[in-house]
Each structure stands twice: as C-alpha cells, then as structure tokens.
Amino acid sequence: MIHDYVIVGAGSAGCVLANRLSADGQCSVLVLESGPPDTYPWIHIPIGYAKTMFNPRVNWCFYTEPEPGMNGRKIYWPRGKTLGGSSSINGLISIRGQRQDYDAWAAAGNPGWSYADVLPYFKRLEHALEGDRAFHGTDGPLCCSPIGRKHELIEAVIAAGAELAIPRNDDFNGASQEGVGYYHLTTRRGRRCSAASAYLKPARGRRNLEVLTRAHVLRLVLDRTRATGVVFRRNGEDVVANARREVLLCAGAIQSPQLLQLSGIGPAALLASMGVRIVRDRRA
Ligand SMILES: Cc1cc2nc3c(=O)[nH]c(=O)nc-3n(C[C@H](O)[C@H](O)[C@H](O)COP(=O)(O)OP(=O)(O)OC[C@H]3O[C@@H](n4cnc5c(N)ncnc54)[C@H](O)[C@@H]3O)c2cc1C
C-alpha cells in the first residue's frame, strides 16, 4: 500500500489536511482513523455531547495518572474516537486563542505566529453567519453560528457584568475578546459542524483520497530518523502503509506523542523501561 501522504488520525487536524492535500486531485492521500465512522446520531445533535462525553463507542475516555496537585485523583480526559476526532464530541464553542498570546509567540522568535499572521487562516476556515468582516470569513468550510435563542437568565448575567464594568461582548473573535456575552457555535443549521462534516465529507468523493476507519496505527516505519510509513492494525491484520512524501501525525495531543514513543522517539529512560528500542532520545 503506497500513497503520497499518510495521515494518522481523522480528527480536527487530520480532516483539514486530508481535504487540502487531496484538493489538487494529483496527490494520493490515505487517512487512517482508529475509531468508527461518525454515524452515531448524537454526534450531530449539538446537545448530544452529553451522550458522547463518557461513551467509549466514540470517546477514548482517558484518565490521567493520580495527580499530586489534585489530591491524588485521576482526572477524566475525554478525546474523540471517530471521524472528526474530538471535534465530533466537543462543546462546539468557537473562541480563538487570544491576540496577545499569538503576539507573544511571535515576539519570542517565532515568525509567522503573530495575530496578524494567523488571522487570515482563521478567516479562511470560517463560514461565519455573524460578525465584523475584518475578523471573520464567510467562504470557509467551518460554519460558525450565533446562539439564536436568548435567555433571560443569561441576559441578567450580562447585565450584571455591565454593572461591574465588564463590557457586553457579542463577538469573542472580534476586535476585543474581553467581556461577557453569548459565544458562537460550530453549528450549521442546528447540527454540529465537526471537522469531518466541514472538511472530510466534501472531499470523500475524490478518487485520490482513501479513508480507512477502525484502522489503528501501531507505530511509524522509520528509515534512520525519517518516517517513511506506518504499521496499522485493521480486522486483526497488520498492514504497512508507505508514504512517498510525508507521514502526518494527527493523532491528537495524547496519542501523537504516544505513537512517537512507541516508535522509539522519546525520553530514553522511559522507552528503555518499556522495552522499546531507542531511535532518538527526546526529553518530554
Ligand atoms: C469533551 C471536549 C470538549 C471540547 N470543547 C471544545 C470547545 O467547545 N471548543 C473548542 O474550540 N475546542 C474544544 N475542545 C478541543 C478540540 O475539540 C480539540 O482541541 C481538537 O479537536 C483537537 O484536534 P486534534 O486534531 O489535535 O485531535 P483530535 O481531534 O482528538 O483527533 C485525533 C484523532 O486521531 C485518532 N487516533 C488516535 N490515535 C490513533 C492511532 N494510533 N491510529 C489511528 N488513529 C488514531 C483519534 O481517534 C482521533 O480521531 C474540546 C475537546 C473535548 C475532548
């Protein structure tokens, strides 16, 4: 099995990359997702996250180790396990990072990361139904909708904020993020707009895009320190998927580092204690 690009994980990042990389119709792209297709109806109903929050059918349901700072408790750490990944089970809140954080990253020596640099990408991904066009896009795949129904209790909270000089803000992704108000939701006509609905679904008909669900990647195939493919397990069989150009690790904040570690890239002492052959000693 050989493709130009092999994408591990069809979550938020994986779905965007699958769409963009296959858009030219030339490059062949393989997406490997460990979870099932996103056919569970509650994924698509915004309030359905109550049904997916603890549901192993579409959620990895991780727990941390006992946390000293949490009185030794293990803390629940949900992550999506289906097409769309965590964007299929998340709280749908559409609030970007804070301008000052991006600017601080750029000032720390990271060109391209200032708010002015990233704003065009935020606009490009967005189909905003409301908001100042200086900050919002209208042609992107990800639909962002205002909360239609105003509630008197929420209005009372907002009014209370005003009494305390906390300004009303009807657009946290606009000129200022400060204040109190209704946030926008990643919904389209009342249904969840996950990364899978926004980016993957429209691309599924492309002949150069192959998406395999219930395909769990076990490790990277490395040529010295270069990833040339992956080994994945599907229907009880281990299969090698080779990449002519790149392997894109999009398995999320927990499982991307885990896959690197299973492939021998990580803290040497930890890998040795697990019996993993060390390829690169990388501190956590
Ligand atoms: C409960 C919850 C609520 C949230 N609420 C909000 C919110 O309101 N607003 C907001 O902006 N963000 C929210 N987030 C965060 C947001 O959803 C995530 O930051 C984002 O989806 C992460 O994208 P990702 O591509 O890094 O990972 P994910 O979207 O998690 O994708 C990783 C994918 O990789 C797959 N995978 C993992 N390991 C393997 C493997 N070995 N082989 C193959 N596939 C694998 C997983 O099954 C998953 O589909 C929330 C997240 C959660 C979990």
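For the structure, see preceding data.
Cut-offs used in this document
In every chain, residue numbers begin from 1 and rise along the written sequence. Where totals are concerned, whole chains, interfaces and linings use all residues; where local detail is concerned, this predicted model gives features only for residues with pLDDT of at least 70, and gives and counts side-chain atom pairs only at 80 or more. Heavy atoms from the whole structure form the basis of all side-chain values; hydrogens and water molecules are not counted. Summary of the burial criterion: residues with accessible area below 20% of their type's maximum are buried, those above 50% are exposed, and those between are partly exposed, where the area comes from a 1.4 Å probe applied to protein chains only. Elements are defined by DSSP. Helices are runs of H or I of four residues or more, strands are runs of E of two residues or more, and each kind is numbered from the N terminus. The directions considered for the arc run from the helix axis to the C-beta atoms. The contact rule is simple, with two residues in contact once any of their heavy atoms fall within 4.5 Å. Here, strands pair whenever DSSP counts at least two bridges between them. Note on geometry: axes are lines fitted to C-alpha atoms, helical ones only across the stretch in contact, with angles between N-to-C directions running from 0 to 180 degrees.

K.L.:
Just checking my understanding: could you explain helix 8 (residues 252–262) for this structure?
P.N.:
An α-helix turns once per 3.6 residues; consequently, residues spaced three or four apart project the same way. Listed in full, the buried residues belonging to helix 8 are Q255, S256 and L259. Buried positions in helix 8, seen along its axis, are confined to an arc of 105 degrees and lie on one side of it. At its buried positions, helix 8 is contacted by strand 1 (2–8), strand 3 (62–63), strand 12 (216–223) and strand 14 (237–249). The first or second residue beyond helix 8 is G264, which carries a positive phi of 95 degrees.

K.L.:
Please clarify how the sheet that holds strand 11 (residues 209–212) should be interpreted in this entry.
P.N.:
Pairing between the strands of a sheet comes from backbone hydrogen bonds, and it takes one of two forms, parallel or antiparallel. Spatially, 11-2-1-14-13-12 is the arrangement adopted by the six strands of the open sheet, whose pairing is mixed. The two strands at the open ends of the sheet, each matched to only one other strand, are strand 11 and strand 12. On average, adjacent strands in this sheet sit at an angle of 40 degrees to one another, irrespective of strand direction. Note that strand 12 and strand 13 (residues 226–234) share seven bridges and pair antiparallel. When the bridges of strand 13 are listed, V221 appears paired with G229. Seen against the sheet, helix 1 (residues 12–22) touches strand 1, strand 2 (29–32), strand 11 and strand 14 and runs at an angle of roughly 155 degrees to strand 1. The sheet contacts of helix 8 involve strand 1, strand 12 and strand 14, and relative to strand 12 the element is tilted by about 50 degrees.

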